[in-house]
Amino acid sequence: MRIGYTHADVYDRESDYWQDIEDAQNAQLEAQKNLSKAATNDKQIQNNINGIVPQEGEK
């Protein structure tokens, strides 16, 4: 039976913890980009439906 953790075990658990946080932050940023892109696309579609033509230089 093993009691306690080795230094390597603690390091691995801490590394996993920080990697999970980084992964979650990256996923959140990606989701925000996708929402922003979807909102832009939705606006363009709505403008097309309403017959609004973007001004030069506008995307």
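Residues numbered from 1 in each chain as written. Predicted model: local features only at pLDDT ≥ 70, side-chain atom pairs only at ≥ 80, totals over all residues. Heavy atoms only, no water.

Visitor: Would you mind showing me how to read the overall build of the chain here?
Guide: Counting secondary structure elements, the chain contains one helix and zero strands. Out of the 59 residues belonging to the chain, those deemed buried represent 0%. Accessible surface for the chain amounts to roughly 5800 Å². Of this, 53% is attributable to carbon and sulfur atoms. (Helix = DSSP H or I, 4+ residues; strand = E, 2+ residues; numbered from the N terminus. Buried < 20%, exposed > 50% of the residue type's maximum accessible area, 1.4 Å probe, protein only. Areas by Shrake-Rupley, 256 points an atom, 1.4 Å probe, with all protein chains shown as cover.)

Visitor: Sorry, what's going on with a negative patch on the surface here?
Guide: Taken together, the side chains of D12, D16, D20, E22 and D23 make up a negatively charged region of the molecular surface. With respect to the helices and strands, D16 occurs in helix α1 (residues 7-50). (Patch = residues over 30% accessible without salt bridge, like charges linked within 9 Å, V, L, I, M, F, W, Y side chains within 5 Å. Salt bridge = Lys/Arg side-chain N within 4 Å of Asp/Glu carboxyl O. Lys, Arg positive; Asp, Glu negative; His and termini not counted. Charge placed at Lys NZ, Arg CZ, Asp CG, Glu CD.)

Visitor: Is there a simple way to think about the packing of aromatic side chains in this case?
Guide: Ring pairs (aromatic) are described by centroid distance and by the angle formed between their planes. On inspection of all chains with the given rule, the structure shows one aromatic pair. With centroids separated by 5.0 Å and ring planes inclined at 80 degrees, the aromatic side chains of Y17 and W18 adopt a geometry described as edge-to-face. (Phe/Tyr/Trp six-rings, centres within 6.5 Å; stacked < 30°, edge-to-face > 60°.)

Visitor: Any chance you could explain α1 here in plain terms?
Guide: It helps to recall that an α-helix has 3.6 residues per turn; residues three or four apart then point in one direction. With 44 residues, α1 should cover 64 Å at 1.5 Å per step; its first-to-last C-alpha distance of 64 Å lies within 8% of that length. Trailing α1 by a residue or two, G51 shows a phi angle of about 75 degrees, which is positive. (Expected span 1.5 Å × (residues − 1).)

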